[in-house]
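The chain contents come next:
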Amino acid sequence: MTDPVLSVRNISKSFGALKASDEVSIGLLPGEIHALIGPNGAGKSTLISQIAGGLRPDSGTVEFLGQDVTTLGTAARARMGLARSFQVSSVVPDFTVLQNVVLAVQGATGHWMGFLRPVMKATGLTEAAINFIDQVGLTGRYTIHAADLAHGERRKLEIAMALALSPKAFLLDEPMAGLGVEGTGEMTKLLDQLRHKAPILLVEHDMDAVFKLADRISVLVYGRVIATGSVDEIRTNSEVQRAYLGEEAVL
Ligand SMILES: Nc1ncnc2c1ncn2[C@@H]1O[C@H](COP(=O)(O)OP(=O)(O)OP(=O)(O)O)[C@@H](O)[C@H]1O
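All of these numbers come straight from a predicted model, not from anything done at the bench.

**Remarks on the overall build of the protein**
- Assigned secondary structure in the protein consists of 10 helices and 10 strands.
- Radius of gyration (C-alpha) of the protein: 19 Å, near the 18 Å computed for a compact globule of 251 residues.
- In terms of its C-alpha atoms, the protein occupies a principal-axis envelope of roughly 60 × 40 × 40 Å.
- Every one of the 251 residues in the protein was classed for burial, and the buried ones make up 39%.

Written as structure tokens, this is what we have:
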């Protein structure tokens, strides 16, 4: 059997009397998109923060690449290849697309030279950056300032910057939010390609996108995983329908 890239085991986290994570177990396998869905306040962001390292669970463990990372901070997990987007953005608005990605490549390779100008002359870094920019579909937008990008383009830039870190797993927090129909279609295609670079744990409210992309879905309600399964298993699960999907979403 293939080893999971990421294993969350029996994680619990309370805020006062509220159990935001209640014995949650979830895994991420190589090549898969595992979607995490659930109503507002179900505990999705709390769980992602515990996986990324920003929040420490009260009990339970997080294993990444076969190593127990439960006590490691966000930076250490990111260095291991755990890439989290979109809630925490590291884009510098006054820098161009290329400069932002060069900085990400530079950070990943430890190629720090102190100033951006000499860095931009380091051909290897620039070539690598252009390659990542092209992979997310921002070809030709190299010299546009990040602040001037459309919302969907900025999301793509964040993915290009994440790619520079040689990610081993992506944690994506609502990548479709605010994108509109066309943007959502483009992002869906991009995530479908991205899964071949590294598996994706995807928190998303857009059910069309989730049903198109997910290999597996876990449903979180009141901090508990009430079901994990394929798209068809989740669509037809009566407890999930009652708790979350509602009738029109399961047609
Ligand atoms: N730092 C905190 N202190 C106290 N309560 C918190 C804290 N963070 C989250 N909560 C509570 O924990 C519960 C889970 O919140 P969380 O943001 O994880 O849910 P969510 O599923 O991500 O919701 P949404 O879909 O709206 O983003 C909520 O009741 C929330 O109010």
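**Focus on the pairing of strand β4 (residues 59–64)**
- When strand β1 (residues 6–15) meets β4, the two strands line up antiparallel, connected through five bridges. Looking at the pairing, Leu6 lines up with Phe64 of β4.
- Pairing of β4 with strand β5 (residues 67–68), which is carried by two bridges, proceeds in the antiparallel orientation. Bridge pairing in β5 places Phe64 opposite Gln67.
- Counting the residues that bridge the hairpin from β4 to β5 gives two residues, and of these Leu65 lies at a positive phi of roughly 55 degrees.

**So, the site of the ligand**
- By nearness alone, every residue bordering the ligand is listed as Phe15, Leu18, Ala20, Gly38, Asn40, Gly41, Ala42, Gly43, Lys44, Ser45 and Thr46.
- Where the shell around the ligand is concerned, the elements lending two or more residues are β2 (18–28) and α1 (44–52).
- Here the shell around the ligand is composed, by residue class, of four nonpolar, six polar and one charged.

**Describing unusual backbone geometry**
- Even without being a glycine, Glu174 presents a positive backbone phi close to 50 degrees.
- Positive phi, close to 50 degrees, is recorded for Tyr222, a residue that is not glycine.

**Some points on the pairing of strand β7 (residues 169–173)**
- The element β7 is largely enclosed, with a buried count of five among its five residues.
- Residue alternation in β7 divides its side chains into two sets, Ala169, Leu171 and Asp173 and Phe170 and Leu172, and both sets are buried.
- Handedness of the β-α-β unit built from β7, helix α7 (residues 180–194) and strand β8 (residues 200–203) comes out right-handed.

**Describing the sheet that holds strand β10 (residues 224–229)**
- Pairing is mixed in the open sheet, where six strands are placed in the order β6-β7-β8-β3-β9-β10. Of all the strands in the sheet, the pair left with one neighbour each is β6 (82–85) and β10. In this sheet, adjacent strand axes meet at a mean angle of 15 degrees when their direction is disregarded.
- Bridging between β6 and β7 involves four bridges; their strand directions are parallel. Paired with Arg84 across the strands is Leu171, a residue of β7.

**Concerning α7**
- Over its 15 residues, α7 extends 20 Å from the first C-alpha to the last, a length consistent with the 21 Å expected when each residue adds 1.5 Å.
- Three or more residues of α7 are buried, namely Thr184, Met187, Leu191 and Leu194. End-on view of α7: buried residues confined to an arc of 80 degrees, all on one side of the axis. Among the exposed residues of α7, those oriented more than 90 degrees off its buried face are Val181, Glu182 and Gln193.

Scoring rules and cut-offs
Residues numbered from 1 in each chain as written. Predicted model: local features only at pLDDT ≥ 70, side-chain atom pairs only at ≥ 80, totals over all residues. Helix = DSSP H or I, 4+ residues; strand = E, 2+ residues; numbered from the N terminus. Rg over C-alpha atoms; globule rule 2.2 N^0.38 Å. Buried ≥ 20, exposed ≤ 12 C-beta atoms within 10 Å, placed from the backbone. Pairing = 2+ DSSP bridges. Near = placed C-beta within 6 Å. Nonpolar A, V, L, I, M, F, W, Y, C, P; charged D, E, K, R; others polar. Right-handed = clockwise from strand over helix to strand, strands pointing away. Axes fitted to C-alpha atoms, helices over the stretch in contact; angles between N-to-C directions. Expected span 1.5 Å × (residues − 1). Arc of directions from axis to C-beta.

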